[in-house]
Amino acid sequence: VAMVDRQLGLLATSRRWRETFPSDDNTLGETLRFSSAALATRWDDLSVRALAGEHSVLEEETWTGPDGAATSWRLEAHPWNDESGSCAGVVLVVENITADVRRHKSAAHERRLAALGRMAGEIAHEINSPLQVLSFEASAIEGELDADDADVDEMRESATAILNTTARLAGI
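The structure reproduced in this document is the subject of the present report. What you are looking at is a predicted structure, and each value in this text was computed from that prediction instead of being measured.

A contiguous nonpolar patch, built from Leu113, Leu116, Met119, Ile123, Ile127 and Leu131 and spanning about 500 Å² of accessible area, is present on the exposed surface. As for its position among the elements, Leu131 is in helix α3 (residues 98-146).

Looking now at the sheet that holds strand β3 (residues 56-64). Here we have five strands laid out as an open sheet, ordered β2-β1-β5-β4-β3, and antiparallel in their pairing. Two strands in the sheet have a free side with no partner beyond their single neighbour: β2 (10-13) and β3. Ignoring which end each strand starts from, the neighbouring axes of this sheet average 25 degrees apart. Along the sheet, α3 makes contact with β3, β4 (70-81) and β5 (87-96), crossing β4 at roughly 125 degrees.

Okay, the nonpolar core next. The tendency in soluble globular proteins is for nonpolar side chains to be buried as a group. In this structure, Trp17, Leu32 and Trp43 are the most contacted members of the largest nonpolar core, which totals 22 residues. At the level of elements, β1 (2-5), α2 (37-51), β3, β4 and β5 are the ones that each hand at least two residues to this core.

Here we take up the packing of α3 against helix α4 (residues 152-170). As a packed pair, α3 and α4 sit with axes 9 Å apart at the nearest point and diverge in direction by 160 degrees. The angle between α3 and α4 places the two elements in the roughly antiparallel class. Like other packed secondary-structure pairs, α3 and α4 cross with a definite hand, here left-handed. Facing Glu126, Ile127, Pro130, Leu131, Val133, Leu134, Glu137, Ala138, Ala140, Ile141, Glu144 and Leu145 of α3, the residues of α4 in contact are Glu154, Met155, Ser158, Ala159, Ala161, Ile162, Thr165, Thr166, Arg168 and Leu169. When its residues are assigned to classes, the contact of α3 with α4 shows 14 nonpolar, three polar and five charged.

When you line up the elements, Arg74 lands in strand β4. By relative accessible area, Arg74 is classed as partly exposed at 22%. In this structure, the C-alpha to C-alpha distance between Arg74 and Gly121, residues 47 residues apart in sequence, is 40 Å. Residues within four places of Arg74 in sequence aside, it is in contact with Val57, Leu58, Glu59, Val93, Val94, Glu95 and Ile97. Within the structure, Arg74 has its side chain in polar contact with the side chain of Glu76 (distance 2.3 Å).

Burial runs high along β5: seven of the ten residues are buried. Sheet analysis places β4 next to β5, joined by nine bridges and oriented antiparallel. Among the inter-strand pairings, Glu76 is bridged to a residue of β5, identified as Val93. Turn length for the β4-β5 hairpin, with the two strands adjacent in sequence and antiparallel, is five residues, and the turn residue Gly85 shows positive phi of about 95 degrees.

About the criteria used
- Residues numbered from 1 in each chain as written.
- Predicted model: local features only at pLDDT ≥ 70, side-chain atom pairs only at ≥ 80, totals over all residues.
- Heavy atoms only, no water.
- Patch = residues over 30% accessible without salt bridge, like charges linked within 9 Å, V, L, I, M, F, W, Y side chains within 5 Å.
- Areas by Shrake-Rupley, 256 points an atom, 1.4 Å probe, with all protein chains shown as cover.
- Salt bridge = Lys/Arg side-chain N within 4 Å of Asp/Glu carboxyl O.
- Helix = DSSP H or I, 4+ residues; strand = E, 2+ residues; numbered from the N terminus.
- Pairing = 2+ DSSP bridges.
- Axes fitted to C-alpha atoms, helices over the stretch in contact; angles between N-to-C directions.
- Contact = heavy atoms within 4.5 Å.
- Core = buried A, V, L, I, M, F, W, Y, C linked by side-chain atoms within 4.5 Å.
- Buried < 20%, exposed > 50% of the residue type's maximum accessible area, 1.4 Å probe, protein only.
- Parallel < 35°, antiparallel > 145°, perpendicular 65-115°, else oblique.
- Left-handed = near helix turned anticlockwise from the far one by under 90°.
- Nonpolar A, V, L, I, M, F, W, Y, C, P; charged D, E, K, R; others polar.
- Polar contact = N/O pair within 3.5 Å; in protein donor to acceptor, adjacent residues only side chain to side chain.

Next comes the structure, spelled out in structure tokens:
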């Protein structure tokens, strides 16, 4: 948490703020600055809206730190008023939500994998059923060929069934 006046001069910061943003200028009385260009841009937008009296929230903002690690943040800017009711400054609340975002992405990935598994099972079923027909018809032809009184019409019907089934398989 950080608190600034109307000129965005830093009035107070929490210990957690100073631990989270150790490389930023946290000097009281100085204009609040961020080393992250992405955060600085978002802060500019939020502060303007908050100074106009609007409570503003950015649910998820991701940027890359100096170490190359991507972090996700939730930013809130609350206007605060003086005794006369005029906006006197902004309270900025910044929360690191990286772990929550990763959990959400992981759960979404697991849902996609589960859907892919179901789809693969359905495809396997669609392919196995015609393959069983092919196997049955080929066995019938083989049985007819081994018989002394081979029925050519029955073999032709089985061959036609095989051709129809392979055409169906090709459409899957």
